[in-house]
Amino acid sequence: MKLIVLGSGTSVPHASRAAAAYWLETASGKLLLDISADAPHRMAEEQLDWADLDAIWISHFHLDHLGGLAPFLFGTRVAPQTQGRQKRLGIYGAVGLKKILTAIDQANDYRLLSQPFPLELMEIAPESEFELLAGLSAVAFSTPHTRESLAIRLEDKSGTTLVYTSDTGYSDELIGFAKGVNLLLMECSFHKNKPVKTHLELTEAMQLARACEPQKLVLSHLYPDWDGIDLAAEARKFWSGETIEAFDGLRLGF
């Protein structure tokens, strides 16, 4: 698999960190993990084949994770690059995704669902096991962030695994879900003294890392609280494994 970070930041505008979006290339196809408002143009900036995208995963309904979906579909409906496309685009998310997208679509007759290619919206319940793409199995896991928020564990035919926590507060149950994965893509919103329970700060993230023992750990969803701080150096104070600070444009094979 190959991961490309499109957005390592949050909803807070930042000069060098776009909001959450991650491009994942697998043997089964190409998918997005979350699609912030920044994501459609970030895909173009990274020269990625956005017109051939196979699937989009929406972890929860906060706008810094969902806000680019409607603009992306508004663009693909008329873009020259998609007019000859015939394969399906699958959009996966928690229960309520269809209601949100339909409400946006009907607000101004955007015709987001009238694409030149097949479009399928699928709502995923917590603990569901499903095939996100042919040969790419997925498991969803409820996280303590919003009522609908879901982490996802992906495994390809070769046995390579990734867990994307998206936004989450601390949960011991995440340990079993992410145990021993090849890549753990985890939020670490704050350095310390986090202002809310429904995000992670460094000590909590590293407590999870020590228990999960991933081969690689990428920490992302970084608030401006992290500006000027060497995240990887701080992480080594708590865990000896490989910790990578996400940045926009990071490309990582695993």
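Quick caveat: nothing in here was measured; it's all calculated off a predicted structure.

Asker: Please set out the overall build of the protein residue by residue, giving values where relevant.
Answerer: Regarding its fold elements, the protein presents 7 helices and 14 strands. For the protein, the C-alpha radius of gyration of 17 Å lies close to 18 Å, the compact-globule estimate for 254 residues. Judged by the C-alpha coordinates and their principal axes, the protein covers about 50 × 40 × 35 Å. For the protein, with 254 residues in total, the buried portion stands at 57%.

Asker: Quick one: what's the story with the sheet that holds strand β12 (residues 216-220), residue by residue and with numbers?
Answerer: Across the sheet, which stays open at both edges, the 7 strands sit in the order β7-β8-β9-β10-β11-β12-β13 with mixed pairing between neighbours. This sheet does not close on itself; its edge strands, each paired only once, are β7 (129-133) and β13 (243-245). With strand direction ignored, the average angle separating the axes of adjacent strands in the sheet is 25 degrees. In terms of strand pairing, β7 meets strand β8 (residues 136-142) through 4 bridges, oriented antiparallel. Paired with E129 across the strands is V139, a residue of β8. The sheet strands contacting helix α6 (residues 202-212) are β11 (183-187), β12 and β13, and the helix crosses β12 at an angle near 160 degrees.

Asker: Break down the sheet that holds strand β5 (residues 89-94) for me, with residues and values.
Answerer: With mixed pairing, 7 strands are arranged side by side in an open sheet as β6-β5-β4-β3-β2-β1-β14. Among the strands making up the open sheet, the edge pair consists of β6 (119-124) and β14 (251-253). With direction set aside, neighbouring strand axes in the sheet form an average angle of 20 degrees. Of the strands in this sheet, β3 (29-35), β4 (55-58), β5 and β6 touch helix α3 (residues 69-76), which is tilted by about 165 degrees from β5.

Asker: Outline the nonpolar core, supporting the account with residue identities and numerical values.
Answerer: If you look at the biggest cluster of nonpolar residues, it comprises 60 residues, and the most contacted ones within it are I56, W57, L132 and L154. Excluding residues within four positions of it along the chain, W57 makes contact with L32, L33, D34, Y92, G93, I124, F130, A140, L150, A151, I152 and Y164. Listed in part, the 24 residues of the second largest apolar core include A178, V181, L200 and L217.

Asker: Talk me through the pattern of salt bridges; I want residue IDs and the actual numbers.
Answerer: Evaluated as defined, the whole model comprises 12 salt bridges. Note that K87 and D54 form a salt bridge whose closest N and O atoms lie 2.6 Å from each other. One end of the pair, K87, is in the loop between α3 and β5; the other, D54, is in the loop between α1 (39-45) and β4, with 33 residues separating them in the sequence. With relative accessibility at 30%, the residue K87 sits in the partly exposed group. Given the relative accessible area of 10%, D54 is considered buried. With a shortest N-O distance of 3.5 Å, E213 and K179 are connected by a salt bridge. A residue pair is termed long-range when its members are at least 10 positions apart, and E213 in the loop between α6 and β12 and K179 in the loop between α5 (173-178) and β11 qualify at 34 residues. On the basis of relative accessible area, K179 is assigned to the partly exposed category, the value being 40%. A cluster of three or more residues bridged by salt bridges with shared partners is formed by K30, D52, D54 and K87.

Asker: Could you give an account of the side chain of R17, naming the residues involved and the relevant values?
Answerer: Mapping R17 onto the fold places it in the loop between β1 (2-7) and β2 (21-26). Accessibility expressed as a relative area gives 12% for R17, which makes it buried. Among the polar contacts made by the side chain of R17, one reaches the side chain of E245 at a distance of 2.6 Å. Other than its neighbours up to four places away in sequence, R17 contacts S8, G9, L222, E245, A246, F247 and D248.

Asker: With reference to specific residues and values, describe the environment of A107.
Answerer: Tracing the chain through its elements places A107 in helix α4 (residues 97-107). The exposure class of A107 is exposed, given its relative accessible area of 60%. Counting along the chain gives 133 residues from A107 to S240, while the straight-line C-alpha distance between them is 51 Å.

Asker: If you had to explain the packing of aromatic side chains to someone new, which residues and values would you point to?
Answerer: Taken as a whole and assessed by the stated rule, the structure comprises 7 aromatic pairs. Here F141 and F177 contribute two aromatic rings whose centre-to-centre distance is 4.8 Å and whose plane-to-plane angle is 20 degrees, an arrangement assigned as stacked. On the criterion of sequence distance, the pair formed by F141 in strand β8 and F177 in helix α5 is long-range, its members being 36 residues apart. Exposure remark for F141: the relative accessible area of 8% places this residue in the buried category. Its relative accessible area of 10% is what places F177 among the buried residues. Grouped by ring-pair contacts, the aromatic residues W57, Y92 and F130 constitute a single cluster. Stacked on the ring of F117, the Lys or Arg R85 has its end atom at 4.7 Å from the ring centre.

The rules behind each value
- Residues numbered from 1 in each chain as written.
- Predicted model: local features only at pLDDT ≥ 70, side-chain atom pairs only at ≥ 80, totals over all residues.
- Heavy atoms only, no water.
- Helix = DSSP H or I, 4+ residues; strand = E, 2+ residues; numbered from the N terminus.
- Rg over C-alpha atoms; globule rule 2.2 N^0.38 Å.
- Buried < 20%, exposed > 50% of the residue type's maximum accessible area, 1.4 Å probe, protein only.
- Pairing = 2+ DSSP bridges.
- Axes fitted to C-alpha atoms, helices over the stretch in contact; angles between N-to-C directions.
- Contact = heavy atoms within 4.5 Å.
- Core = buried A, V, L, I, M, F, W, Y, C linked by side-chain atoms within 4.5 Å.
- Salt bridge = Lys/Arg side-chain N within 4 Å of Asp/Glu carboxyl O.
- Polar contact = N/O pair within 3.5 Å; in protein donor to acceptor, adjacent residues only side chain to side chain.
- Phe/Tyr/Trp six-rings, centres within 6.5 Å; stacked < 30°, edge-to-face > 60°.
- Lys NZ or Arg CZ within 6 Å of the ring centre and 35° of its normal.

Purely spatial values, then, with no claim about function.
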